Amino acid sequence: MTGSRRVHPLVHPLAPLGVDEIAACIELVRKTKNIHERCRFPIVELREPVKAAVEAFERGGECPRRATVVMVDKDTAETFEGLANLTTGSFDTWKRLPFDKPPYGQAPIMVAEFDAAVEVVTNDPKWREAVKRRGLTDADFEHIQVDPWSFGFWDNDPKYTGKRLLRGVAFYKDKKEDNAYSHPIEGLVAIIDLIENKVIELIDDGRNIPVPKQKHNYDTPSLGKPRPGLKPLHITQPEGVSFEVDGWQVKWQGWEFKVGFTPREGLVLHQIGIRDKGALRPVIHRASVTDMAVPYSDHNVNHYWKCALDGSEYGLGRLANCLELGCDCLGAIRYFDVPAVDDFGKPFVMKNALCLHEEDYGTLWKHYEWRTGVFEMRRSRRLVISFFATVGNYDYGFYWHFYLDGSIQFEAKLTGIVQTAALGDGSAMPKGAGRITEHLYGPSHQHFFGARLHMNVDGGGNSVVEVNYQQTPKAENNKYGTLFGTVATKFERELEACREANGASGRFWKVINPSKKSIAGNPTGYKLVVEHTPTMLALADSTHAKRVGFATKHLWVTPFDEDEMSCAGTYTNQHMGDGVHKWVEKNRSIDNTDVVLWHTFGHTHTCKPEDFPVMPIEYIGFWIKPNNFFDANFAMDLPSGKDLESVSLKGKGGACCGADGMPSQAPSQLTGALMAATVGLSAAYSYFMGNSTT
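Because the structure is a prediction, the values reported are computed rather than measured.

Cut-offs applied
Residues numbered from 1 in each chain as written. Predicted model: local features only at pLDDT ≥ 70, side-chain atom pairs only at ≥ 80, totals over all residues. Heavy atoms only, no water. Pairing = 2+ DSSP bridges. Helix = DSSP H or I, 4+ residues; strand = E, 2+ residues; numbered from the N terminus. Contact = heavy atoms within 4.5 Å. Polar contact = N/O pair within 3.5 Å; in protein donor to acceptor, adjacent residues only side chain to side chain. Salt bridge = Lys/Arg side-chain N within 4 Å of Asp/Glu carboxyl O. Buried < 20%, exposed > 50% of the residue type's maximum accessible area, 1.4 Å probe, protein only. Axes fitted to C-alpha atoms, helices over the stretch in contact; angles between N-to-C directions. 1 Å grid on protein atoms, 1.4 Å probe; cavity = no way out; pocket = protein on both sides within 12 Å on 5 of 7 lines; lining within 4 Å. Points joined across faces, edges and corners; volume = space filled by probe spheres on them. Nonpolar A, V, L, I, M, F, W, Y, C, P; charged D, E, K, R; others polar.

1. A word on the sheet that holds strand β21 (residues 421-422)
Right, so step 1: The strand order across the open sheet built from three strands is β21-β23-β22, with neighbouring strands paired in antiparallel fashion. Since the sheet does not close on itself, it has two edges, and those belong to β21 and β22 (434-435), each with one partner.
Right, so step 2: Relative to strand β23 (residues 440-442), β21 runs antiparallel, the two being bridged by two bridges. Among the inter-strand pairings, alanine 421 is bridged to a residue of β23, identified as tyrosine 441.

2. Topic: the environment of glutamate 265
Right, so step 1: Of note, glutamate 265 is situated in the loop between β12 (255-262) and β13 (266-276).
Right, so step 2: Measuring from C-alpha to C-alpha, the distance between glutamate 265 and serine 90 comes to 27 Å, with 175 residues separating the pair along the chain.
Right, so step 3: Setting aside residues up to four positions removed in sequence, glutamate 265 forms contacts with Arg286, Ser288, Val289, Thr290, Leu316, Gly317 and Phe387.
Right, so step 4: Within the structure, the side chain of glutamate 265 is placed 3.0 Å from the side chain of arginine 286, a separation counted as a polar contact.
Right, so step 5: Only 2.6 Å separates the side chain of glutamate 265 from the side chain of serine 288, close enough to count as a polar contact.

3. Examining the pattern of salt bridges
Right, so step 1: Within this structure, the stated rule accounts for 47 salt bridges.
Right, so step 2: For aspartate 204, the salt bridge goes to arginine 134, with nearest N and O atoms at 2.7 Å. Highlighted residues: aspartate 204 in strand β9 (residues 198-204) and arginine 134 in the loop between α4 (125-132) and β6 (144-150), separated in sequence by 70 residues.
Right, so step 3: Its relative accessible area of 3% is what places arginine 134 among the buried residues.
Right, so step 4: Here lysine 277 makes a salt bridge to aspartate 631, at a shortest N to O gap of 2.4 Å. Separated by 354 residues along the polypeptide, lysine 277 in the loop between β13 and β14 (279-297) and aspartate 631 in the loop between β32 (615-626) and α9 (669-690) bring together distant segments of the chain.
Right, so step 5: The class of lysine 277 is exposed, set by a relative accessible area of 68%.
Right, so step 6: Accessibility expressed as a relative area gives 41% for aspartate 631, which makes it partly exposed.
Right, so step 7: One salt-bridge network, in which partners are shared between bridges, spans Arg133, Arg134, Asp204, Asp205 and Arg207.

4. A closer look at the sheet that holds strand β17 (residues 347-369)
Right, so step 1: Reading across from one edge, β16-β17-β18-β19-β20-β32-β28-β27-β25-β26 is the order of the ten strands in this open sheet, with antiparallel pairing throughout. Here the strands that pair on one side only, and so sit at the sheet edges, are β16 (334-341) and β26 (484-490). Averaged over neighbouring strand pairs, the angle between their axes works out to 25° when direction is ignored.
Right, so step 2: Judged from the ten bridges that link them, strand β18 (residues 374-391) and strand β19 (residues 394-403) form a sheet pairing that is antiparallel. Each residue of the ladder has a partner; that of alanine 389, found in β19, is tyrosine 396.
Right, so step 3: With respect to the sheet, helix α1 (residues 19-32) is in contact with β16 and β17, its orientation differing from that of β17 by roughly 140°.

5. A word on empty space enclosed by the protein
Right, so step 1: In the structure shown here, the tally under the stated rule is five cavities of 30 Å³ or more.
Right, so step 2: Empty space within the largest cavity amounts to approximately 140 Å³.
Right, so step 3: Around the largest cavity, the lining comprises 16 residues; the ones closest to its centre are Phe153, Tyr160, Thr161, Gly162 and Gln574.
Right, so step 4: Here the lining of the largest cavity takes three residues from strand β5 (residues 104-106), the largest share from any one element.
Right, so step 5: Classifying every residue of the lining of the largest cavity gives seven nonpolar, seven polar and two charged.

Next comes the structure, spelled out in structure tokens:
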């Protein structure tokens, strides 16, 4: 061992770093590298071993515990990346990242830099004079809020090369609790050098639009008396929960997976599988949303450059909320605390960062056979694991749902406050923007999420098939014109699999294991079912499209590569652009191999009055559903029964769900009449057959 104490790997290789392991990484840097008090640590995270190494560990082999450490020297503007080996107590690699050369880049923005940027901007004399020209006074400066934004990448101007930069846009509020987004300071952007701690450029459009004064607050005291009549609704599980948690391992109704967490992605799920006839069948090796991007559509100086990559530039995991019992999560809740590190290298624990619970989800399957009176139904339930991140004005929820029938759903929840812009008296609305109040509009924008699904259907060796529905021509034995069918196309190489959704053909993509067969004789598989939403609307030669190329298609497929872990690339801050849209140009084979699906999904947002002052949730996501994976409906063995805590406001209910072992009463007068008619028809049929001579 060199340089530091050894941390013995007593945990599973995919478990997040513990507080002691994070401390060991920082100690190793301090003892072996020439660092000082102005060195900062935006990333200390587990370097996940590849699938083969994990499987070898689970068979009794060894798997070194490693961590990626990123350090920014705030004196020299240099950034270093090291691979710390916690098994040996040494660095396997340590290198300076060449951010002063194309394609450039920077480490993620740190929380401490947010605070520093605010102080730098508000103390800049030229910025203060520009604010006064918009109607504010010296007494108002203590009430100004500065939002730090990632710089992006524009035109490779030499004055920006190699510098660590932020942009600052400002808002005003009378008091601390006010909604500052009601009062944007329009047409003024400060560019901040985070190493020199100064404003190096001030962009002022000269219009001097007055700051809107009307308040639109959302804190409880400002909202006044709440609406009446909404009664409490409680969720209880008197016999306890149905899931089991052992460290980072979760088991529920056949499902098994391991929980992970990274500063960039937040929640990560590992080794997702489901027990079928006693055997654990793999489905996905690793699942996460690796990044998200929010490109704006507006030519004004406060907005034209905005295209935040919230995962890689800020860190969705670093900005995770501490979830509140009874508010964010209802019912019987299991929280996960997550070890983390602050910008100064001090380990800490993010309390209640992840929430695990069960939810009722209505009817799962049901049939009433009116001929016999047999009525059977089972209720659906889902296991939910989630977290919320607040990135500036927006709040994002990330929810993974596991269902009793073997389906998986991911759902993103978008809320928070829209970016606002001020309208001067008589000012024309920018093209495509949406007015939200008399003096405010919201620039149109898109939210893109980049999911990475490292598939492992029935143990690897997977292929990807595109399926489209189509009409059958009359010449193909379709004399009545009613036939339709599907066309399945298997992707052989990467460039064939750069695809967009198609609602007209009901397009979906299926991941199959060609070496395993279902009861129907088809390869076992799971299908990806997506929403048919717009892809990147910025032009292909725009900076937005170059830096967020993953958003130009709904689907990409690559063979696994341990260096290709995030859809937009690794160091996207001030980077020219990288990611899956460039990796596929290698056109590697993706047939019967270790495949990764990259799915882009998102919401295109034209703002409206109903989005303000806080936007109601917008939902977007995708499903992963079994397709020839099981021999039958996987949820047929669910217990029957009824919820005895439910009450009828009309009168006592009858038996249902096969709860008493007998057919229930007819669900309606119509089906009761049909039953009577069936009995009569049966009697007539018996009489006829008994007297027939044929």
